[in-house]
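Coordinate analysis (summary)
The chain contents come next:
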Amino acid sequence: MTRVVGIDLGTTYSAVAVADRSGSPSIVRNREGENITPSVVMFQGETVVVGSQAKRSAVTAPDDVVQFVKRYMGETNPVYQSESGTAYRPEEISGLLLKRLKEDAEMMLGEPVEQAVITVPAYFDDVRRRATQDAGKLAGLEVLRIVNEPTAAALAYGIAESDGESGTEIGTVLVYDLGGGTFDVTVMRVVDGDYEVTATDGDRNLGGFDWDGALMNFLNDAFMAAGGPDLNEDSALQAELRDKAEIAKRTLSNAPQAVVMLSAGGKHEQIRVTREKFEEISAELLDRTRIITEGVLQEARLDWSGIDKVLLVGGSTRMPMVQALIERLSDKEPERGISQDEVVALGAALVALDAAVRKEDAEEKKKYVGSGASTESAPGDGLARLTKGKVKSIKDVTSQSLGMVTTRETNRNDQYNSVIIPHNTSVPAKKSETFYTLDDMQSRLRVQVTEGHDEDLDYVKVVGESTLDIPQYPKAGAPFEVTYSYDVDGIIHVELKDGTTGKWIGEFELERPDNLGAEEMAEATDRVARAATL
Ligand SMILES: Nc1ncnc2c1ncn2[C@@H]1O[C@H](COP(=O)(O)OP(=O)(O)OP(=O)(O)O)[C@@H](O)[C@H]1O
Ligand SMILES: [Mg+2]
């Protein structure tokens, strides 16, 4: 069996882990000997510097440094433009980062690493998941699974907690995951080795980055009040301010106050921030996490008394305000068994092991039963065997509602979103709807797939669309059955059946305008392969 690694591709830090055959995961260090690698890329001519060295250069060479790209995954604007004019999209920057992580893992493990499981925030939608898969491909990795970060964390935590031979029993767990760029809350049941997510929600633009931003504003205002220039006016000064704010923020997790030294335009100023002040200026951010957390509990039809354990994941949960919030809401001490910044990668390594074993089993089975027979197994089947039932199954849910743009029969100009698979449905999920042609001799059917809960199209996102040739029927009103599905990775598929004959017409190749096209992928693959990553 080749080694499949688990990768936590984070907004600020990434980590790689691998599990041995007994189901025990461990971190694979990078070439610098660090457990986690800053998700920072610096362009230096033909060379791409990744990790700590690039992060250190963010202050001195801010224009050559690209970071926080996870925030922009699935968006089409370039995040970096090279001197020679090449525009880099977020996938490609992530691809470069993953290439470096892959090389480091190969060095440490002493064998090639060709397959990986990559984690994403549970709240990532189809486009962002697809963009993450593409980033893996660009790095030369076969991405066996995309898995939700909170689910991976719960799995690593569960395995670490289970001592006996039998299935892990934790009860109902709430995972509060506040990282560098994203926030996720997931409620799951862990009973007798079955891991089952019941509800999830989040904000993909809420993380330590925003706490840094609040502190930056405070510091900059204080500096300006003392007669200094506006540090946000200059990219180098702003990068330095961000760096100092982040360090002060970390200090405030351990100390009641921090002092920041700012100098610019001939002005030098020492600014003191107390933890109390920091909590005051970021109170609104923290409250956003509370609102989302309470919403998820409601979705799961639970109150805090129904939660047995609260698991804190992500570096930002080290802030005392987060722990205080959780204790106040839940009346419980949160769990901090495994390091907040490693637990997601460790869980990803377990999913990777599961995927590898299932793949191996499927290939073995094929040899005996021939290619026609079903060789499918469910997530967790591989681990069930290796961990003697500590893990038996892993079931996740969709974080987004899936639907389509629908035209009202009474008024063709009136379009709305009809939800087909509501959010928090267990995946894989499949549902069919029958639609009727609007015209006599209609020869094509256009399907626009949406993500979002609202009926109003202004509040949902059209993730892809496709036009398919259909058999012509003389009269309008011919039935066509559209089957929507979310696969285990949370990625959308759409198939079509002729309702009159019952024949499958095929799968819609959804055009995803926000993802890289085949040609762009080919070009970027080539560039990433050629780049020397340091
Ligand atoms: N001691 C600390 N006090 C406060 N914040 C901290 C501390 N240590 C780390 N952080 C913050 O945690 C964040 C990084 O956490 P983590 O590595 O979990 O995020 P990530 O995986 O990069 O992001 P995401 O999961 O959102 O993509 C950064 O914003 C960092 O400033
Ligand atoms: Mg993370």
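As the structure is a computational prediction, the values presented were derived from the model and not from experiment.

1. Regarding the packing of helix H3 (residues 126-138) against helix H12 (residues 518-530)
Axis angle and axis distance: for two packed helices, these are the angle between their axes and the distance between the axes, and together they describe the pair. H12 packs onto H3 with a crossing angle of 45° between their chain directions and a minimal axis gap of 9 Å. When the axes of H3 and H12 are compared, the pair comes out oblique. Contacts between H3 and H12 involve Asp 134, Lys 137 and Leu 138 from the first element and Met 521, Ala 524, Thr 525 and Val 528 from the second.

2. Some points on the site of ligand 1
As a structural note, the neighbourhood of ligand 1 is formed by 20 residues, with Thr 11, Thr 12, Glu 246, Lys 249 and Ser 253 the closest of them. In the environment of ligand 1, an oxygen atom lies 2.8 Å from a nitrogen or oxygen atom belonging to the backbone of Tyr 13. Thr 182 has a polar side-chain atom sitting 2.7 Å from an oxygen atom of ligand 1. Across the complex, the protein chains shield 95% of the 650 Å² of accessible surface that ligand 1 would expose by itself. Counting residues per element, the shell around ligand 1 draws most heavily on helix H6 (residues 235-254), which supplies four residues. Its residues assigned to classes, the shell around ligand 1 shows two nonpolar, 12 polar and six charged.

3. What about the domain arrangement of the chain?
By domain assignment, the chain separates into domain 1 (208-281) and domain 2 (402-507). With centres defined by C-alpha atoms, the gap from domain 1 to domain 2 works out at 51 Å.

4. Looking at the packing of helix H2 (residues 90-109) against H12
Viewed as axis vectors pointing N to C, H2 and H12 meet at an angle of 35°, and their least axial separation amounts to 10 Å. Read as a crossing pair, H2 and H12 show a hand that is right-handed. Taken together, the residues of H12 that come into contact with H2 (itself represented by Glu 92, Gly 95, Leu 96 and Lys 99) are Ala 524, Arg 527, Val 528 and Ala 529. Each residue belonging to the contact of H2 with H12 can be placed in one class, and the counts come to four nonpolar, one polar and three charged.

5. Some thoughts on H2
If you check H2, its first and last C-alpha atoms are 28 Å apart, about what 20 residues at 1.5 Å a residue would give, namely 28 Å. Among the 20 residues in H2, 15 count as buried, and that is most of the element.

What counts as what
Residues numbered from 1 in each chain as written. Chains lettered and ligands numbered in written order. Predicted model: local features only at pLDDT ≥ 70, side-chain atom pairs only at ≥ 80, totals over all residues. Heavy atoms only, no water. Axes fitted to C-alpha atoms, helices over the stretch in contact; angles between N-to-C directions. Helix = DSSP H or I, 4+ residues; strand = E, 2+ residues; numbered from the N terminus. Parallel < 35°, antiparallel > 145°, perpendicular 65-115°, else oblique. Contact = heavy atoms within 4.5 Å. Near = heavy atom within 4 Å. Polar contact = N/O pair within 3.5 Å; in protein donor to acceptor, adjacent residues only side chain to side chain. Areas by Shrake-Rupley, 256 points an atom, 1.4 Å probe, with all protein chains shown as cover. Nonpolar A, V, L, I, M, F, W, Y, C, P; charged D, E, K, R; others polar. Domains from an automatic or database assignment. Left-handed = near helix turned anticlockwise from the far one by under 90°. Expected span 1.5 Å × (residues − 1). Buried < 20%, exposed > 50% of the residue type's maximum accessible area, 1.4 Å probe, protein only.

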